[in-house]
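Observations on the model geometry
This is what each chain is made of:
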Amino acid sequence: LEFSAIPNLPPAKGDVQALLDSRPRYASDLKENELANVFDGNVDSHWTIHGPDHWVEVSFGRPMAAAGVELRHGKLEYYRNPSGACAVKGCTFQAFVDGKWQTMGTPVTDHPRYQGEGDDAYAIRQTFKPVTARRFRVLVTASTDTGKRLSSPKKVCVAEDKRATYLRELILYSPDGSSLMR
């Protein structure tokens with residue numbers, strides 16, 4: 001999707017809530033569930049993507065400094081299913097700086113599968129040197145969905161491009177540790 005400017009943005013020292021409310025949200029796939037679920041503060045709602053190489057972007061009306069990120073993902077109740085809880089296995093956090101996407105932190109390549117205790121295995125958290133940008137995104141590169149289902153627990157029956165991944169919440173943090181999302 002094309003990036004477009006937002007008219008009538010509040011000034012840098014203006015109404016913070018107006019700035020937050022003005023941020024557009026873009027994604028590689030807007031057909032499934034509501035993308036707004038990734039930003040609603042409710043970890044029980046989600047946005048579903050199918051296959052690898054999807055992304056979700058947050059664009060602020062002016063440059064913002066970020067020094068950390070948290071991605072909540074997967075479906076807790078699916079952890080015993082052969083599908084692997086439809087969680088993120090690999091992702092990269094990026095900022096759009098000087099006309100190109102730059103990686104923030106370390107790319108995640110093999111996030112562990114949830115084992116049935118607590119919610120932390122369904123959260124990827126990273127801190128990094130502060131990055132100032134208007135646009136930030138997470139690029140999902142791999143899912144824990146194995147392609148197996150309850151009806152076929154030992155055999156792959158779902159093609160990779162149809163395998164589901166649930167994204168529940170994306171939160172960017174400022175250098176002082178406060179959320180840029182609320």
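Before reading on, note that the structure itself is shown above.
Residues numbered from 1 in each chain as written. Predicted model: local features only at pLDDT ≥ 70, side-chain atom pairs only at ≥ 80, totals over all residues. Heavy atoms only, no water.

1. What about the environment of Ser-178?
Checked against the element boundaries, Ser-178 lands in the segment after strand 7 (164-173). A relative accessible area of 34% places Ser-178 in the partly exposed class. For the pair formed by Ser-178 and Ala-66, sequence separation is 112 residues and the distance between their alpha carbons is 9.6 Å. Looking at Ser-178, its side chain comes within polar contact range of the side chain of Asp-176, at 2.7 Å. (Helix = DSSP H or I, 4+ residues; strand = E, 2+ residues; numbered from the N terminus. Buried < 20%, exposed > 50% of the residue type's maximum accessible area, 1.4 Å probe, protein only. Polar contact = N/O pair within 3.5 Å; in protein donor to acceptor, adjacent residues only side chain to side chain.)

2. Here's the deal with the pattern of salt bridges
Considering all chains together, one arrives at five salt bridges under this definition. Two residues, Arg-125 and Glu-70, come together in a salt bridge whose shortest N-O distance is 3.7 Å. Within this pair, whereas Arg-125 is found in strand 6 (residues 123-143), its partner Glu-70 is found in strand 3 (residues 54-73), the two being separated by 55 residues in sequence. A relative accessible area of 8% means that Glu-70 is categorised as buried. When the shortest N-O distance is used, the salt bridge between Asp-110 and Lys-89 registers 3.9 Å. With a gap of 21 residues between them, Asp-110 in the loop between strand 5 (100-108) and strand 6 and Lys-89 in strand 4 (residues 88-97) connect regions that are remote in the sequence. Its relative accessible area of 33% is what places Lys-89 among the partly exposed residues. In the salt-bridge network here, residues are joined through shared partners; they are Glu-70, Arg-72 and Arg-125. (Salt bridge = Lys/Arg side-chain N within 4 Å of Asp/Glu carboxyl O.)

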